[in-house]
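Commentary on secondary and tertiary structure
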Amino acid sequence: MAVLEIRDLHVSRDGKEILKGVNLRTGPGEVHAIMGPNGSGKSTLSYTLLAHPKYEVTSGEILLDGESILGLSADQRAKKGLFLGFQYPTEVSGVGYSHFLRTSYNSLSKALQGDDREVFITVREFQKYLKDNLSKVGLRDDFLARYLNEGFSGGEKKRSEVLQMAVLRPRISILDEPDSGLDVDAVQAVAKAISEVSAEDSTVVVITHYARILKFLNKLDHVHVFMDGRVLKSGDASLADELDRRGYDWVANPQ
Ligand SMILES: Nc1ncnc2c1ncn2[C@@H]1O[C@H](COP(=O)(O)OP(=O)(O)O)[C@@H](O)[C@H]1O
Ligand SMILES: [Mg+2]
């Protein structure tokens, strides 16, 4: 259970202000969607939440369960249960995929003591857990023998990000365009995996352009329109359909 609160957040990169006063609050177990045009600052927000060093918070606050996390590094934030699925995942040669997942799972479990997490005693038990999750997102078992994201296709990289979320079971997941470049079957598999994780009181924030993936989610509590570095409008799931129909301009220029 976790509450994330972003208060009047201003963020610059290379001296240019990109986030211009973001306000957002997610409650325990909620599913949120952030929708907005290209270049509006959605990825900037996700990088900032996970302490990317190039993004400078010039004012505002990010609170997790009421405590500021601005002073924490990326790995400290991850150990508090924050997870980011990248829009453009990086290939990490030399880092074995299953080793990466097991090491991450174990250090997260240690950090989140008190949360009711499964303990895997043997490598074999953990492999079984991984394989169950692989099949959920539609990746074959032989991916486990590969290096992290190396040589994965665009779609496989996206599934891999969602697999990491499903395996690690973070308290709050931010998924940056998990649906981009995926065919409709893959979008449905990814949405199903997201729904399973969110069913366990875990909060999920899905950043996306299109309402398509949102229709496959078991639930969607809040939809936010993100434009020009801030949340301009929030609503319920019906707002996603309206954005699909009408685009974004009407939000910025209401008649
Ligand atoms: N290094 C940089 N210097 C200046 N502006 C940047 C830099 N990187 C990204 N931007 C700008 O920040 C804005 C937001 O980008 P981004 O967060 O990726 O948007 P989105 O994810 O919504 O498409 C864009 O206008 C982009 O050109
Ligand atoms: Mg982006």
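So, here's what we can say about the structure. Note that the structure is predicted; figures quoted are calculated from it, not measured.

**Quick look at the coordination of the magnesium ion (ligand 2)**
- Within the first shell, the magnesium ion (ligand 2) binds the protein through S43 (OG) and Q87 (OE1), at distances of 2.1 to 2.2 Å. Separated by 44 residues along the polypeptide, S43 in helix α1 (residues 42-49) and Q87 in the loop between β6 (82-85) and β7 (92-96) bring together distant segments of the chain.
- The exposure class assigned to S43 is buried, which follows from its relative accessible area of 18%.

**Some words on the site of ligand 1**
- Near ligand 1 you find R13, D14, K16, I18, P37, N38, G39, S40, G41, K42, S43 and T44, and these make up its full shell.
- At a separation of 2.8 Å, an oxygen atom of ligand 1 approaches a polar side-chain atom of K42.
- Measuring from an oxygen atom of ligand 1, one finds a backbone N or O atom of S43 at 2.9 Å.
- Bound to the protein, ligand 1 loses 66% of the 580 Å² it would expose on its own.
- At the level of secondary structure, the elements contributing two or more residues to the shell around ligand 1 comprise β2 (16-26) and α1.

**A closer look at the sheet that holds β6**
- Sheet architecture is open: six strands sit in the order β6-β9-β10-β3-β11-β12, paired in mixed fashion. For this open sheet the edge positions go to β6 and β12 (230-235), each flanked by a neighbour on one side alone. Strand-to-strand, the axes of this sheet are offset by a mean angle of 20°, without reference to chain direction.
- As paired elements, β6 and strand β9 (residues 172-176) share four bridges and run parallel to each other. Among the inter-strand pairings, G85 is bridged to a residue of β9, identified as L175.
- Most of the contacts of α1 go to β9, to which it runs at about 145°, and overall it touches β3 (31-35), β6, β9, β10 (203-208) and β11 (222-227).

**Topic: the sheet that holds β2**
- What the four strands build is an open sheet, ordered β2-β1-β4-β5; its pairing is antiparallel. Looking at strand neighbours, the two that pair on one side only are β2 and β5 (67-68), the edges of this open sheet.
- The pairing of strand β1 (residues 4-13) with β2 spans eight bridges and is antiparallel. Considered in β2, the bridge of H10 is made with K20.

**Digging into the layout of surface pockets**
- Space inside the largest pocket adds up to approximately 630 Å³.
- Together, 25 residues line the largest pocket, and A78, F83, L84, F86 and F100 are the ones closest to its centre.
- Elements with a contribution of two residues or more to the lining of the largest pocket: α2 (74-79), β6, α3 (97-111) and α5 (154-168).
- Partitioned by chemical class, the residues of the lining of the largest pocket number 16 nonpolar, six polar and three charged.
- Counted as a void, the second largest pocket has a volume near 340 Å³.
- D115, D116, R117, R169 and E200 are the residues nearest the centre of the second largest pocket, which is lined by 14 residues in total.
- Taken together, the residues that form the lining of the second largest pocket break down as five nonpolar, one polar and eight charged.

What counts and how
- Residues numbered from 1 in each chain as written.
- Chains lettered and ligands numbered in written order.
- Predicted model: local features only at pLDDT ≥ 70, side-chain atom pairs only at ≥ 80, totals over all residues.
- Heavy atoms only, no water.
- Donors = N, O, S within 2.8 Å, 3.2 Å for Na, K, Ca; no water.
- Helix = DSSP H or I, 4+ residues; strand = E, 2+ residues; numbered from the N terminus.
- Buried < 20%, exposed > 50% of the residue type's maximum accessible area, 1.4 Å probe, protein only.
- Near = heavy atom within 4 Å.
- Polar contact = N/O pair within 3.5 Å; in protein donor to acceptor, adjacent residues only side chain to side chain.
- Areas by Shrake-Rupley, 256 points an atom, 1.4 Å probe, with all protein chains shown as cover.
- Pairing = 2+ DSSP bridges.
- Axes fitted to C-alpha atoms, helices over the stretch in contact; angles between N-to-C directions.
- Contact = heavy atoms within 4.5 Å.
- 1 Å grid on protein atoms, 1.4 Å probe; cavity = no way out; pocket = protein on both sides within 12 Å on 5 of 7 lines; lining within 4 Å.
- Points joined across faces, edges and corners; volume = space filled by probe spheres on them.
- Nonpolar A, V, L, I, M, F, W, Y, C, P; charged D, E, K, R; others polar.

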